[in-house]
Amino acid sequence: MTALAEAPQRAAGVPPKVKFKRQWDKRLSYIATHAVGIALGVIFMLPLLFVFLTSVMKSDQAMTASLWPTEWHFENFVEVFEKAPLLSYFGNSLLYSGVATAGALLSAIPAAYGLSKLRWRGQNLFFMLTVAAMLLPPQVTIVPLYDLWVRMGLTGTLVPLIVPYFFFDAFSIFLLRQFFLTIPKDYIEAAKIDGCNEFQAMYRVLIPMAKPGIAATAMFCFLFTWNDYFGPLLYTGENRDHWPLSLAIASFRGMHHVEWNLTMAATALIMAPVIVLFIFAQKSFVKGITFTGVKG
Amino acid sequence: MTTLVEKVSPSVPAKARAGARRAKRRRTVFFFMAPAFLGFLIFFGYPLIATVYYSFTRYDLINAPVFIGFDNYVRMFTTEPLVGTAAYNTLWLVVILTVCRVVFSLGVASVISRLKSGVGLVRTLCYLPTLAPPAAATLAFVFVFNPEFGPVNRFLRLVGIDGGLWFNSPEMSKPALTLLALWGSGELMIIILAALLDVPTEQYEAAELDGAGPIRRFWHVTLPSISPVLLFGVVNSIIYALQFFTQAIVAASASAGTADVAGNSKLIGAPQNSTLTYPIWLYVQGFRYFNMGYAAAMAVLLFIVSAAFTWILVRQLRKSQHQEEGA
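Scope of this entry: the structure provided in the associated data block. (Residues numbered from 1 in each chain as written. Chains lettered and ligands numbered in written order. Predicted model: local features only at pLDDT ≥ 70, side-chain atom pairs only at ≥ 80, totals over all residues. Heavy atoms only, no water.)

Section: the overall build of chain B
At step 1: Helix and strand content of chain B: 14 helices and two strands.
At step 2: Here the C-alpha atoms of chain B give a radius of gyration of 26 Å, more than 25% beyond the 20 Å that 2.2 N^0.38 yields for 327 residues.
At step 3: Its C-alpha atoms put chain B at 90 × 75 × 30 Å along the principal axes.
At step 4: When each of the 327 residues of chain B is scored for burial, the buried share is 53%.
At step 5: A total of about 15500 Å² of accessible surface is found on chain B, and carbon and sulfur atoms cover 65% of it.
At step 6: With 25 positive and 16 negative side-chain charges, chain B shows a separation of 12 Å between the mean positions of the two kinds. (Helix = DSSP H or I, 4+ residues; strand = E, 2+ residues; numbered from the N terminus. Rg over C-alpha atoms; globule rule 2.2 N^0.38 Å. Buried < 20%, exposed > 50% of the residue type's maximum accessible area, 1.4 Å probe, protein only. Areas by Shrake-Rupley, 256 points an atom, 1.4 Å probe, with all protein chains shown as cover. Lys, Arg positive; Asp, Glu negative; His and termini not counted. Charge placed at Lys NZ, Arg CZ, Asp CG, Glu CD.)

What follows is the structure, encoded as structure tokens:
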């Protein structure tokens, strides 16, 4: 505190030459940090740029070291659809991600409400178990689960991947709870005094107020299932008809291994929906991520 | 609470009233939590316990499990060599990838936090790759790091460096995977960035007036205030490395350039088992060779190791939660 009070005096006492040097130091460090910042942004984007540039090259040019396409072949994107049933894979991905996300919201919203707005014995324990379920590797529980689905005759389909979301999705519950905690309990109390029961209070008051949080949770769930590779490999690996894009893309490379341009076109196509989603909902993403991190 | 009720309405038995209310509240909680409880038990609780049982059996999904005691564990630690390779690869990733990921994320975040303008744009550009589906991102990297015509080696040749074989050599495959993971570590960057921006500026000003240079300010002001987030980053990265699967399995088959991933287990771990991670070997044992009991034993070991780190994170979370409630 005393140091702060002394500050103006000290600054006044600085000789002009030093002051001038300090200004230059500041300007230089401004330029340096911004240069590094721009460089970082460019480096992060480069792989995506290479993917795009290669995807519009002719197949023999993609096998050379040239970076810039001599001719632009946008029809590569169409050709990809002819080479592989991408549309049906796309449909499977959409089915998996869409239905799983809907299920996750349906089951996780009440659970997150119960964990943030009600008080009950074992609440903390259940929350910690949810966090543990979120953090432990999926491989830990996979043997009995696979066994379970085999006995029900449902392996080879997307059912084993989707159904659990209708009951328990640890990440969605966790993230929604973090969002719900930021909404003051007073609103719920007021609704209850006005004659709402808990369900109505959740449905009419909390959900409308938590819309951004619910949207963010839906996006993360969609993204996770869209990107999921292990689950589909395990359950639909044998049955090509049920493959989502993530699996199809990996073997696309195997089937057309010389044609890097087509592989990169397919790669660009699977990345595109996610990037578009992000451009429209950047703020929710950033908010959601900072919520997942532990606050100091 | 009860005393108040007694005073207001002495005619109605207070205990019965409170009991009825408690029963109603219990019903409400049950109503809200039932799907989650059920799902937790079926999809997490049961399989967690059942894994331990299966780990003591020989089981191929068709014939009933046969109890064989500790045989799976004995085999894991003595006769089967590839599990050692897989454990080594995963351990390599746990150490190297974790250190690189945290240091790199901290570095990028502190650069972004110093920007006066364009923070949003740079943050977006650094975060965007995180969203790319791992399978697609891996394909992109296998292409970019192609030894002959990949852009990376081309750039390196321009500056006179002989770029390596990357995904095609056992020495460079794991470093290449690490670079891929760093490219996608935007999530951790944003978490650290948020923590950096939360450090009170008065502390920096005070330190500056006391004559502390940028390095000492970073060491004595920044690091202590973001240490909980760094701990989060370390443990989170360890857990991430312990389950490293998709990138390694896709890189192996994509760089070899042959048949599809799902059908071919010969390519897994290529080149020379250098990308065979522990979860991949667990997958191959259980779901390619149908040694479910052995896979379960591997899962138990993975559980013990990850549970230890998970526990650290959960404890950390609980601590910060208490602080929030106390504030």
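There is more to say after this.
Re the packing of aromatic side chains
Residues and elements named next belong to chain A.
At step 1: In the structure shown here, the tally under the stated rule is 41 aromatic pairs over all chains.
At step 2: Geometrically, the ring pair formed by F126 and F168 is edge-to-face, given 6.3 Å between the ring centres and 65 degrees between the ring planes. Here F126 is found in helix α6 (residues 123–135), whereas its partner F168 is found in the loop between α8 (159–162) and α9 (170–181), with 42 residues between them in sequence.
At step 3: Classification of F126 by relative accessible area gives buried; the value is 5%.
At step 4: Accessibility expressed as a relative area gives 9% for F168, which makes it buried. (Phe/Tyr/Trp six-rings, centres within 6.5 Å; stacked < 30°, edge-to-face > 60°.)

Points about the environment of S227(B)
Residue and element names in this part refer to chain B.
At step 1: Its location among the elements puts S227 in helix α11 (residues 214–242).
At step 2: Given the relative accessible area of 37%, S227 is considered partly exposed.
At step 3: Between the C-alpha atom of S227 and that of I192, which follows or precedes it by 35 residues, the distance is 9.8 Å.
At step 4: Engagement of the side chain of S227 in a polar contact is seen with the backbone oxygen of P224, the distance being 3.1 Å. (Polar contact = N/O pair within 3.5 Å; in protein donor to acceptor, adjacent residues only side chain to side chain.)

Focus: the packing of helix α4 (residues 81–114) of chain B against α11(B)
All names here are of chain B.
At step 1: It is at 9 Å that the axes of α4 and α11 come closest, and there the two elements cross at 145 degrees. Like other packed secondary-structure pairs, α4 and α11 cross with a definite hand, here right-handed. The residues of α11 that touch α4, namely those facing T90, L93, V94, L97, T98, R101, V102 and L106, are F218, L223, I226, L230, G233, V234, N236, S237, I238, Y240, A241 and L242.
At step 2: Grouping the amino acids of the contact of α4 with α11 by side-chain chemistry returns 14 nonpolar, five polar and one charged. (Axes fitted to C-alpha atoms, helices over the stretch in contact; angles between N-to-C directions. Left-handed = near helix turned anticlockwise from the far one by under 90°. Contact = heavy atoms within 4.5 Å. Nonpolar A, V, L, I, M, F, W, Y, C, P; charged D, E, K, R; others polar.)

Here we look at empty space enclosed by the protein
The method is simple in principle: a probe with the dimensions of a water molecule rolls over the atoms, and the space it marks as empty is what remains.
At step 1: For the coordinates displayed, the defined rule picks out six cavities of 30 Å³ or more.
At step 2: Volume-wise, the second largest cavity comes out at about 70 Å³.
At step 3: For the second largest cavity, the lining is made up of 13 residues, of which T54(A), M57(A), S66(A), L67(A) and F143(B) are closest to its centre.
At step 4: Put simply, the parts of the chain that give the lining of the second largest cavity at least two residues each are α2 (16–55) and α3 (59–62) of chain A.
At step 5: Element by element, the count of residues in the lining of the second largest cavity is highest for α2(A), at three residues. (1 Å grid on protein atoms, 1.4 Å probe; cavity = no way out; pocket = protein on both sides within 12 Å on 5 of 7 lines; lining within 4 Å. Points joined across faces, edges and corners; volume = space filled by probe spheres on them.)

Looking at unusual backbone geometry
Residue and element names in this part refer to chain B.
At step 1: Positive phi outside glycine occurs at L61, with the angle close to 80 degrees.
At step 2: If you trace the backbone, L61 turns up in the loop between β1 (57–58) and β2 (66–67).
At step 3: L61 sits in the buried class, given a relative accessible area of 16%.
At step 4: Of note, W166 is a non-glycine position whose phi angle comes to about 50 degrees, a positive value.
At step 5: Note on placement: W166 falls in the loop between α7 (151–158) and α8 (173–183).
At step 6: With a relative accessible area of 10%, W166 lands in the buried category.

A few points about the interface of chain A and chain B
At step 1: Between chain A and chain B, the contact holds 106 residues from the first and 105 residues from the second.
At step 2: Carbon and sulfur atoms supply 79% of the area buried between chain A and chain B, which totals about 9300 Å² over both sides.
At step 3: Where chain A packs against chain B, one counts one salt bridge.
At step 4: Here R288(B) makes a salt bridge to E238(A), at a shortest N to O gap of 3.2 Å.
At step 5: At 14 residues, the largest contribution of residues to the side of chain A that touches chain B is made by α2(A).
At step 6: For the side of chain A that touches chain B, the per-class residue count stands at 72 nonpolar, 24 polar and 10 charged. (Buried area = accessible area lost by both parts, 1.4 Å probe. Salt bridge = Lys/Arg side-chain N within 4 Å of Asp/Glu carboxyl O.)

Quick notes on α8(B)
At step 1: Of all 11 residues in α8(B), nine are buried, a share of seventy percent or more.
At step 2: Of the residues making up α8(B), those classed as buried are S173(B), K174(B), A176(B), L177(B), T178(B), L180(B), A181(B), L182(B) and W183(B).

Overview of a nonpolar patch on the surface
At step 1: There is a patch of nonpolar side chains on the surface, built from F20(A), W24(A), L28(A), Y30(A) and I31(A) and spanning about 540 Å² of accessible area.
At step 2: Topologically, L28(A) is positioned in helix α2. (Patch = residues over 30% accessible without salt bridge, like charges linked within 9 Å, V, L, I, M, F, W, Y side chains within 5 Å.)

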